[in-house]
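What the coordinates show
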Amino acid sequence: MPAQQGLGMTRAQLEPMRDGLGVRSRQAFEGSPAHQAGMQAGDEIIAVDEMNVQNALFHELRLSAAPGVSSTFRVQRADGTHDLTITRVARPG
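Observations regarding unusual backbone geometry
- Positive phi outside glycine occurs at R11, with the angle close to 65 degrees.
- With respect to the secondary-structure elements, R11 resides in the loop between β1 (8-9) and β2 (12-16).
- Of note, the phi angle at D19 is positive, near 50 degrees, even though the residue is not glycine.
- Within the secondary structure layout, D19 lies in the loop between β2 and β3 (23-28).

Remarks on the confidence of the model for the chain
- With 90% of its residues at a pLDDT of at least 70, the chain reaches an overall mean of 87.
- Note that residues 1-6 has pLDDT below 50 and, in this model, 21 contacts with residues that lie over four places away or in other chains.

Observations regarding the packing of aromatic side chains
- Taken as a whole and judged by the stated rule, the model has zero aromatic pairs.
- In this structure, R11 is placed above the aromatic ring of F29, and the distance from its NZ or CZ to the ring centre is 4.4 Å.

Thresholds, definitions, all that
- Residues numbered from 1 in each chain as written.
- Predicted model: local features only at pLDDT ≥ 70, side-chain atom pairs only at ≥ 80, totals over all residues.
- Heavy atoms only, no water.
- Helix = DSSP H or I, 4+ residues; strand = E, 2+ residues; numbered from the N terminus.
- pLDDT = per-residue confidence, 0-100.
- Contact = heavy atoms within 4.5 Å.
- Phe/Tyr/Trp six-rings, centres within 6.5 Å; stacked < 30°, edge-to-face > 60°.
- Lys NZ or Arg CZ within 6 Å of the ring centre and 35° of its normal.

Next comes the structure, spelled out in structure tokens:
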């Protein structure tokens, strides 16, 4: 799963949108960095660290980074646009 590639992860389950372009949150696991930052199921991720991802191919997105690295995820939902700062954590084990 792209959200868990690399060394650190957000612990959000992400899925592709329109014909594989863009990305949406399917679930932010309870207590995870994504959940603590406010990510919700159904959030459309518009940008990561100011890089627009709306027309990016989902399978080409690099959404993880080393543990401790923070990124700002701009998300769109019914009540508007929100900037969520998420700090990756190390994989268990």
